[in-house]
Amino acid sequence: VDEWVVENTIQWLSERKQKILASVNLSGKSISDKSFLNFVVTKIKDYRINPELLCFEITETAAISHLTTAIHFMTVLKKLGCTFALDDFGSGFSSFSYLKSLPVDFLKIDGSFVKDILEDPIDMAMVKAINEIGQVLGKQTIAEFVENTAILRQLERLGVNYAQGYGIHRPQALVNWARGAEAA
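These numbers come from a predicted model, not from an experiment.

1. Section: the layout of surface pockets
So, step 1. Space inside the largest pocket adds up to approximately 1,200 Å³.
So, step 2. Every residue lining the largest pocket is counted, 33 residues in all, and those nearest its centre are Leu 21, Ala 22, Ser 23, Glu 57 and Gln 164.
So, step 3. Taken together, the elements giving at least two residues each to the lining of the largest pocket come down to α1 (2-14), β1 (22-26), β2 (54-59), β3 (83-89), β4 (106-109), β6 (162-163) and α10 (174-183).
So, step 4. Here the element with the most residues in the lining of the largest pocket is α1; it accounts for five residues.
So, step 5. Of the residues assigned to the lining of the largest pocket, the class counts are 19 nonpolar, eight polar and six charged.

Here it is, written out as structure tokens:
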């Protein structure tokens, strides 16, 4: 499945006139498979896309479970220009101890902390701590599960770089999005 998604995303990017950053979620199995890494590098070269347009999302659990191969996978693709997001950050048991060794560009703050940030002071403290550590490490932060404007405003006050969720935009088929973007 990951091969199909990666190839179709790269092909889609190659057909666009405008520069669009595409994020692709990868499984732990794929990041630990050397042939998958070769597949990704080959597709980037075959379609002649700018690798800076690709951001790969890897869950914290997958990265930690496959730490050595995950670091290798990220290092090779970062040298080409791809970026990486560590997804669901904060949900693991040893998040901060591994963070310094993972060459990621973005931390996606787990939505379980974000969704109740306005009502739960512990969730607020977790989001604030994750964001601050990310900023100190030079990583940009993305908050998941941003469901409304009030949550978005609080995240802005905390200095979170990006937001993702229904409060920003509802999911839609890539084909529909592309038509709307090209018409604009």
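2. Points about helix α9 (residues 149-158)
So, step 1. All of the buried residues along α9 are Ile 151, Leu 152, Gln 154, Leu 155 and Leu 158. All buried residues of α9 lie within an arc of 165° about the axis, which places them on one face of the element.
So, step 2. Check the buried side of α9 and you find it contacts α7 (111-114), α8 (121-136), β5 (140-143) and β6.
So, step 3. If you check the start of α9, you find a side-chain oxygen 3.1 Å away from the backbone N of Ala 150, and it comes from Asn 148.
So, step 4. Within two residues after α9, Gly 159 carries a phi angle of roughly 90°, on the positive side.

3. Considerations on the environment of Ala 129
So, step 1. Here Ala 129 lies in helix α8.
So, step 2. Residue classification places Ala 129 among the partly exposed positions, given a relative accessible area of 29%.
So, step 3. Separated by 39 residues in the primary sequence, Ala 129 and Gly 90 place their C-alpha atoms 9.9 Å from one another.

4. Quick look at a nonpolar patch on the surface
So, step 1. Together, Phe 96, Ile 133 and Leu 137 make up a nonpolar patch on the protein surface, roughly 230 Å² of accessible area in all.
So, step 2. Along the chain, the position of Leu 137 falls in the loop between α8 and β5.
So, step 3. Since its relative accessible area comes to 33%, Leu 137 is described here as partly exposed.

5. Thoughts on the side chain of Gln 154
So, step 1. When you line up the elements, Gln 154 lands in helix α9.
So, step 2. Ignoring sequence-local partners within four residues, the contact set of Gln 154 consists of Ile 117, Leu 118 and Met 124.

6. Section: the sheet that holds β3
Adjacent strands of a sheet pair through backbone hydrogen bonds, lying either parallel or antiparallel.
So, step 1. Here six strands make up an open sheet; going across it, the order is β1-β2-β3-β4-β5-β6 and the pairing parallel. Each end of this open sheet is capped by a strand with a single partner; those strands are β1 and β6.
So, step 2. Note: β4 against β5, four bridges, orientation parallel. Along β5, the bridge assignment pairs Leu 107 with Thr 141.

Calculation criteria
Residues numbered from 1 in each chain as written. Predicted model: local features only at pLDDT ≥ 70, side-chain atom pairs only at ≥ 80, totals over all residues. Heavy atoms only, no water. 1 Å grid on protein atoms, 1.4 Å probe; cavity = no way out; pocket = protein on both sides within 12 Å on 5 of 7 lines; lining within 4 Å. Points joined across faces, edges and corners; volume = space filled by probe spheres on them. Helix = DSSP H or I, 4+ residues; strand = E, 2+ residues; numbered from the N terminus. Nonpolar A, V, L, I, M, F, W, Y, C, P; charged D, E, K, R; others polar. Buried < 20%, exposed > 50% of the residue type's maximum accessible area, 1.4 Å probe, protein only. Arc of directions from axis to C-beta. Contact = heavy atoms within 4.5 Å. Polar contact = N/O pair within 3.5 Å; in protein donor to acceptor, adjacent residues only side chain to side chain. Patch = residues over 30% accessible without salt bridge, like charges linked within 9 Å, V, L, I, M, F, W, Y side chains within 5 Å. Areas by Shrake-Rupley, 256 points an atom, 1.4 Å probe, with all protein chains shown as cover. Salt bridge = Lys/Arg side-chain N within 4 Å of Asp/Glu carboxyl O. Pairing = 2+ DSSP bridges.

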